[in-house]
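# Commentary on secondary and tertiary structure
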Amino acid sequence: MIPKKMEAAFNEQIKHELESAYIYLAMAAYFEDQGLDGMARWMRAQTQEEVTHAMRFYKHIAERGGRVKLHALAEPPADYSSPLAAFEGALEHERFITGTINELVKLGREENDYASESLLQWFVDEQVEEEETAGRVVQQLKVVSGDGRGLLMIDRELATRNFVLNPELAGLFAQGPAQ
Ligand code: FEO
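Now for a description of the structure that goes with this document. (Residues numbered from 1 in each chain as written. Predicted model: local features only at pLDDT ≥ 70, side-chain atom pairs only at ≥ 80, totals over all residues. Heavy atoms only, no water.)

Under the criterion given, the structure shown has nine salt bridges. A salt bridge links Lys59 to Glu63; the nearest nitrogen and oxygen atoms lie 3.1 Å apart. Here Glu63 and Lys59 lie together in helix H2 (residues 37-63), a separation of four residues that amounts to about one turn. Assessed through its relative accessible area of 25%, Lys59 is described here as partly exposed. The partner of Glu157 in a salt bridge is Arg136, and the shortest N-O contact between them spans 3.6 Å. With Glu157 in helix H5 (residues 148-158) and Arg136 in helix H4 (residues 117-144), the pair connects residues that are 21 residues apart, well separated along the chain. For Glu157, a relative accessible area of 36% puts it in the partly exposed group. (Salt bridge = Lys/Arg side-chain N within 4 Å of Asp/Glu carboxyl O. Helix = DSSP H or I, 4+ residues; strand = E, 2+ residues; numbered from the N terminus. Buried < 20%, exposed > 50% of the residue type's maximum accessible area, 1.4 Å probe, protein only.)

Moving on to H4. A rise of 1.5 Å per residue sets the reference length of H4, with its 28 residues, at 40 Å; its end C-alpha atoms lie 41 Å apart and thus fit the reference within 8%. Ser145 sits one or two residues past H4 and shows a positive phi near 30°. (Expected span 1.5 Å × (residues − 1).)

Turning next to helix H1 (residues 4-34). Taking 1.5 Å per residue, 31 residues should reach 45 Å; H1 reaches 45 Å between its end C-alpha atoms and fits that length. Positive backbone phi, at 75°, marks Gly35, one or two positions downstream of H1.

In the structure shown here, the tally under the stated rule is seven aromatic pairs. For the ring pair Trp122 and Phe123, a centre distance of 4.9 Å and an interplane angle of 85° mean the geometry is edge-to-face. Using a relative accessible area of 0% as the deciding quantity, one classes Phe123 as buried. Stacked on the ring of Trp42, the Lys or Arg Arg161 has its end atom at 4.7 Å from the ring centre. (Phe/Tyr/Trp six-rings, centres within 6.5 Å; stacked < 30°, edge-to-face > 60°. Lys NZ or Arg CZ within 6 Å of the ring centre and 35° of its normal.)

Between two packed helices, both the angle of their axes relative to each other and the distance between the axes serve to describe the pair. Contact pair H2 / helix H3 (residues 83-110): the axes reach a minimum separation of 13 Å and the direction vectors enclose 10°. Judged by the angle between their axes, H2 and H3 are roughly parallel. Note on packing geometry: the crossing formed by H2 with H3 is left-handed. Two secondary-structure elements touch here, H2 through Met39, Trp42, Met43, Gln46, Glu50 and Phe57 and H3 through Pro83, Phe87, Glu94, Ile101 and Leu104. (Axes fitted to C-alpha atoms, helices over the stretch in contact; angles between N-to-C directions. Parallel < 35°, antiparallel > 145°, perpendicular 65-115°, else oblique. Left-handed = near helix turned anticlockwise from the far one by under 90°. Contact = heavy atoms within 4.5 Å.)

Here H2 crosses H5 at 40°, and the two axes come no closer than 7 Å. Handedness of the H2/H5 crossing: left-handed. Here H2 contributes Asp37, Gly38, Met39 and Trp42 to the contact with H5, which in turn contributes Leu151, Ile154, Asp155 and Leu158. Across the contact of H2 with H5, the residue classes tally to five nonpolar, one polar and two charged. (Nonpolar A, V, L, I, M, F, W, Y, C, P; charged D, E, K, R; others polar.)

Time to look at the nonpolar core. The biggest cluster of nonpolar side chains holds 24 residues, and the ones touching the most others in it are Met27, Phe31, Met39, Met43, Phe87, Leu141 and Leu158. Where this core is concerned, the elements lending two or more residues are H1, H2, H3, H4 and H5. Here the element with the most residues in this core is H1; it accounts for six residues. Leaving out residues up to four positions away in the same chain, Leu141 has contacts with Met39, Pro83, Leu84, Phe87, Gly146, Leu151 and Ile154. Ala9, Ile14, Ile61 and Val68 belong to the second largest nonpolar core, which has 17 residues in total. (Core = buried A, V, L, I, M, F, W, Y, C linked by side-chain atoms within 4.5 Å.)

By themselves, these figures tell us nothing about what the structure is for.
Here it is in structure tokens:
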């Protein structure tokens, strides 16, 4: 049985992850509007990934006899002053999420909740990757500093991103074998 404090904190984290999806979808819409289709695609892939993050917590709560409760999501910003500002926003948001994951690790230790350790370690590792990925795009955008040709090259590179659903998670989305 999941401790009540962990259940509440994980439900809060589901909200953070779905808010991440919402923020990235808003960024996708911004890039769509700017004609930067590669960046829009990258953001849509990121949106899907964030939903799977929320679902990892959903699955964990449900498996341990807890109750998933969904909270209201905040409205994301609709516009950004530049592609760089949008990706800087993404990086800043990922740093915030890293902080929330660290707090969950701390709480898990305080509550002696060993059953959540491997789930949370997955997220600790994932956040290193998330910050690195967003940070790299921020660096690239700074290098081209608004130059149209450079921007289009980055856009083309980001267009190659695909979202691939981890087969282990397929059951969560009612795709693939039932779990
Ligand atoms: Fe779910 Fe991008 O952190």
